[in-house]
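# Breakdown of the fold
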2 protein chains.
Amino acid sequence: MNLKEFAGILGLSPTTVSRALGGYPEVSEETRRKVTEAAISHGYRPNRRAASLATGRAMAIGHVIPTTLNHEMVNPVFADFVAGAGEIYSRQNYDLILSVVADGDEARAYRGLAQAGNVDGLIVHGPRSDDRRFDILRDIGLPYVVHGRLPGHQTGYSFVDIDNLRAFRKATDLLLDLGHRRIALLNGHLMMDFARRRRDGFASAMAGRGIPVDPALLFFGEMSEANGHRAARDMLTLREPPTAFLVSSLIMAIGVRRAIHEAGLRMGADVSVVTHDDVLGYLGNGEDRPIFTATRSSVRAAGRRCAEILLARIAQPGLAPAQEIWECDLVQGASTGPAPDNRGPSP
Amino acid sequence: MNLKEFAGILGLSPTTVSRALGGYPEVSEETRRKVTEAAISHGYRPNRRAASLATGRAMAIGHVIPTTLNHEMVNPVFADFVAGAGEIYSRQNYDLILSVVADGDEARAYRGLAQAGNVDGLIVHGPRSDDRRFDILRDIGLPYVVHGRLPGHQTGYSFVDIDNLRAFRKATDLLLDLGHRRIALLNGHLMMDFARRRRDGFASAMAGRGIPVDPALLFFGEMSEANGHRAARDMLTLREPPTAFLVSSLIMAIGVRRAIHEAGLRMGADVSVVTHDDVLGYLGNGEDRPIFTATRSSVRAAGRRCAEILLARIAQPGLAPAQEIWECDLVQGASTGPAPDNRGPSP
DNA sequence: TTGACTTGTCAAAGCGGTTTGGATGCGACC
DNA sequence: GGTCGCATCCAAACCGCTTTGACAAGTCAA
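## Quick look at the interface of chain B and chain A
With 51 residues of chain B in contact, the opposing surface of chain A contributes 51 residues. Between chain B and chain A the total buried area reaches about 5000 Å² when both faces are included, carbon and sulfur atoms providing 55% of it. Area buried by chain B at its contact with chain A is led by Arg45, Arg49 and Tyr282 of chain B, which between them contribute 19% of it. On inspection of chain B and its partner chain A, the count reaches zero salt bridges. Seen at the junction of chain B and chain A, the total is 17 residue pairs in polar contact (both at pLDDT 80 or more). Among the secondary structure elements, those contributing two or more residues to the side of chain B that touches chain A are α4 (48-55), β1 (60-67), α5 (77-91), β2 (95-102), α6 (106-115), α10 (225-236) and α11 (250-262) of chain B.

## Details of the domain arrangement of chain A
It is common to report an interface's size as the accessible area lost on association of the parts. All names here are of chain A. Here chain A is partitioned into domain 1 (3-55), domain 2 (60-161 + 299-326) and domain 3 (164-297 + 331-341). Domain 2 and domain 3 are separated by 29 Å when their C-alpha centres are compared. With 15 residues of domain 2 at the interface, the matching set in domain 3 holds 15 residues. Summed over both sides, the interface of domain 2 with domain 3 buries roughly 1200 Å², with 53% coming from carbon and sulfur. For the domain 2 face of the interface with domain 3, the top three residues by lost area are Ser129, Arg149 and Val299, together amounting to 32%. Run the count over domain 2 and domain 3 and you get seven residue pairs in polar contact (both at pLDDT 80 or more).

## Things to note about the protein's contact with DNA strand D
In the neighbourhood of DNA strand D, 25 residues make up the surrounding shell, with Leu3, Ser18, Arg19 and Tyr24 of chain A together with Ser13 of chain B lying closest. Counting only the atoms of DNA strand D that lie within 4 Å of the protein, the sugar and phosphate share comes to 63%. With respect to DNA strand D, the side chain of threonine 15 of chain A contributes an N or O atom lying 3.2 Å from a base oxygen. In this structure, a base nitrogen belonging to DNA strand D sits 3.1 Å away from a side-chain N or O atom of arginine 19 of chain B. Only α2 (14-22) and α4 (48-55) of chain A together with α2 (14-22) and α4 of chain B provide two or more residues apiece to the surface near DNA strand D. If one sorts the elements of the surface near DNA strand D by residue count, α4 of chain A sits on top with four residues. Among the residues forming the surface near DNA strand D, the class breakdown is eleven nonpolar, eleven polar and three charged.

## Here we look at the protein's contact with DNA strand C
Lining the immediate environment of DNA strand C, one finds 26 residues, of which Ser13 and Glu26 of chain A together with Leu3, Ser18 and Arg19 of chain B sit closest. Of all DNA strand C atoms lying within 4 Å of any protein atom, the proportion belonging to sugar or phosphate reaches 58%. Alanine 54 of chain A places a main-chain nitrogen or oxygen 3.4 Å from a base oxygen of DNA strand C. Within the backbone of alanine 50 of chain B, an N or O atom sits 3.4 Å from a base nitrogen of DNA strand C.

## Overview of the state of the cysteines
In this structure the tally under the stated criterion is zero disulfides over all chains. Left unpaired, cysteine 306 of chain B is separated from the closest cysteine sulfur, that of cysteine 328 of chain B, by 14 Å.

## Describing the sheet that holds strand β6 (residues 183-187) of chain B
All names here are of chain B. Reading across from one edge, β7-β6-β8-β9-β10-β12 is the order of the six strands in this open sheet, with mixed pairing throughout. The open sheet has two edge strands, β7 (218-220) and β12 (329-331), and neither has a second partner. Ignoring strand direction, the axes of neighbouring strands in this sheet form an average angle of 15 degrees.

## Digging into empty space enclosed by the protein
As enumerated under the stated definition, the model contains four cavities of 30 Å³ or more in all. Empty space within the largest cavity amounts to approximately 180 Å³. Around the largest cavity sit 17 residues that line it, and Pro76 and Ile251 of chain A together with Pro76, Ile251 and Leu280 of chain B are the ones nearest its centre. Where the lining of the largest cavity is concerned, the elements lending two or more residues are α5 (77-91) of chain A together with α5 of chain B. Along the lines of polarity and charge, the residues of the lining of the largest cavity split into 14 nonpolar, one polar and two charged. Estimated volume of the second largest cavity: approximately 120 Å³. Along the walls of the second largest cavity sit 14 residues, with Phe78, Ala79 and Val82 of chain A together with Ala79 and Leu98 of chain B positioned nearest its centre. If you list the elements that add at least two residues to the lining of the second largest cavity, you get α5 of chain A together with α5 and β2 of chain B. The element contributing the most residues to the lining of the second largest cavity is α5 of chain A, with four residues. Tallied by class, residues from the lining of the second largest cavity come to 14 nonpolar, no polar and no charged.

Here is what the cut-offs are and how they apply
- Residues numbered from 1 in each chain as written.
- Chains lettered and ligands numbered in written order.
- Predicted model: local features only at pLDDT ≥ 70, side-chain atom pairs only at ≥ 80, totals over all residues.
- Heavy atoms only, no water.
- Contact = heavy atoms within 4.5 Å.
- Buried area = accessible area lost by both parts, 1.4 Å probe.
- Salt bridge = Lys/Arg side-chain N within 4 Å of Asp/Glu carboxyl O.
- Polar contact = N/O pair within 3.5 Å; in protein donor to acceptor, adjacent residues only side chain to side chain.
- Helix = DSSP H or I, 4+ residues; strand = E, 2+ residues; numbered from the N terminus.
- Domains from an automatic or database assignment.
- Near = heavy atom within 4 Å.
- Nonpolar A, V, L, I, M, F, W, Y, C, P; charged D, E, K, R; others polar.
- Disulfide = S-S within 2.5 Å.
- Pairing = 2+ DSSP bridges.
- Axes fitted to C-alpha atoms, helices over the stretch in contact; angles between N-to-C directions.
- 1 Å grid on protein atoms, 1.4 Å probe; cavity = no way out; pocket = protein on both sides within 12 Å on 5 of 7 lines; lining within 4 Å.
- Points joined across faces, edges and corners; volume = space filled by probe spheres on them.

As structure tokens, this is what we get:
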């Protein structure tokens, strides 16, 4: 069923029907009512492609999400982020086009989507420390919003990020205040911008108390359950094991908890854990009382906000870039407690 | 840059350029080479919308994924499934259009995508026991592939499913063979088709040994960590607690494990756990030795396969429906062991 | 009655491709 | 030399919508 046929059934011209459905004022309310009713009963809906072609607006947003180099992992935060963004898009009748590409191939995907004219804007995921995407995005010329920040570029683009540095400094301070001195950091790949900022937050808190960071207590890599487990297990067998872990994702923290239990230790008593919590739906951090003490910020809310900003910028291209840095909540859970008495090797 | 301009630069007609890029034989190899090279250097790519309009093929597949009723959860298996499907689409130059809708609103979303002509096919997620989607999909008339099965309809559509019934029967038998008699089932909502089949597999194995199913040892609901924890915790405080848990998702099993530890029990010794494992990237089930004994099938592979089937059916509409039921692996992990001696209330 | 102004509707020109049905040029064959 | 076949290339007609500019009918003031 196309516009011409549908207009024919109604005894109106395509122009009038299009205007009626588009909400333009040049058509009487009476006619509009008849048209909209008929559209529903006949199941007529304007062809998206044709409408896009005519208006020049694709009515779609591109999300390019990277898998890891081995192609095997998709960060679970994407599901929640995309769900949040999708809520906003559907409200404004935008489509969401998802490209899953190998890590590092995002730029090519952006170009493809843009040159083929099938998106009006882009969401940029997972900015990295050496990211070259900024230049590419600029010469693509499409509006975009970054989830996180493109390092080395302060201005000229929109982003929504959490204050990773501050969150991890506060988390570290919390552990230091509890008397912990040997604190391990289990973090994402250092090439990821967020991981670098978290590392810096951790390091600055440690430096603030004059405590050196032991490289043996640092892990950077995929934030999987398995990696959390392995790193924690190995560190716990060190001659001077950590008394606390600062972890970058709840999934990884679950691996840490497993390692702690396997070592016959009690989380929150013998060993403390603080983690970052993205508030993923299926992976809640306990119910009334949080399991893990955590820095917390909803990635789904971030998805919603990124989408809102992007759509606003598409509607009003002159808008100044929106840059939001969200504070994380620091929630007390059952995974932290005072450092056990330090009976380590005396000086 | 549009076709006419680009052809102008090359001193060729739009027709020839289109044919050269489209791989048609009516153009000399020499010309084709020049055109493809120029396309890359000038960054020309045919407008997706215009091409779709002209060919009548949208070159896109729609995935409609439901959130839970409270809008707060997105099943993490979607991320892996979609990533698998996305691999196949990008290889064949298809786009993936994602709609996130409230649970139960999928049919409306299918209609919308189809009537607006912006997809050539649909992937149907999460079929439910009372599912009305079959009829709707039929009168939409677009090719589709179901991940799972539409209950009550044996034929006439394509699907990829795992043998849920058999997997859970085997898992139950394994526990029964270890001497367990009080086995709890922690499952998804019974309205989900897969949950019903798993329940049936469990029930048939129990019935096979003449062991009654205790309703107090059944949980059906969202398969979240929190629910797994709560259900297991409550059951473990019963006068006759279960000695084994059969669980429908790894995330839920993690909650069960937490409850077991909190009760001061050892998983694999005091209490056994068997779970289903979708092999999600970030949530591996241990490394060399699986943590959980599990029925296992990769949801990412299922995504790939569904996409392949769908694209094949789009290319050759006459094809008979493909119906695949995959066997799950049953892997031995550290979470199962012989039932502890039954010193319960003597007769 | 006439002209200006609304109001509601329409015909037709795009949007940027693909594809049909030629047109052109050139060598080969009879 | 005329005709045919083949290899290349092109003009123009779509695809289904939006939107510009025009038009008929009705309203109102002069």
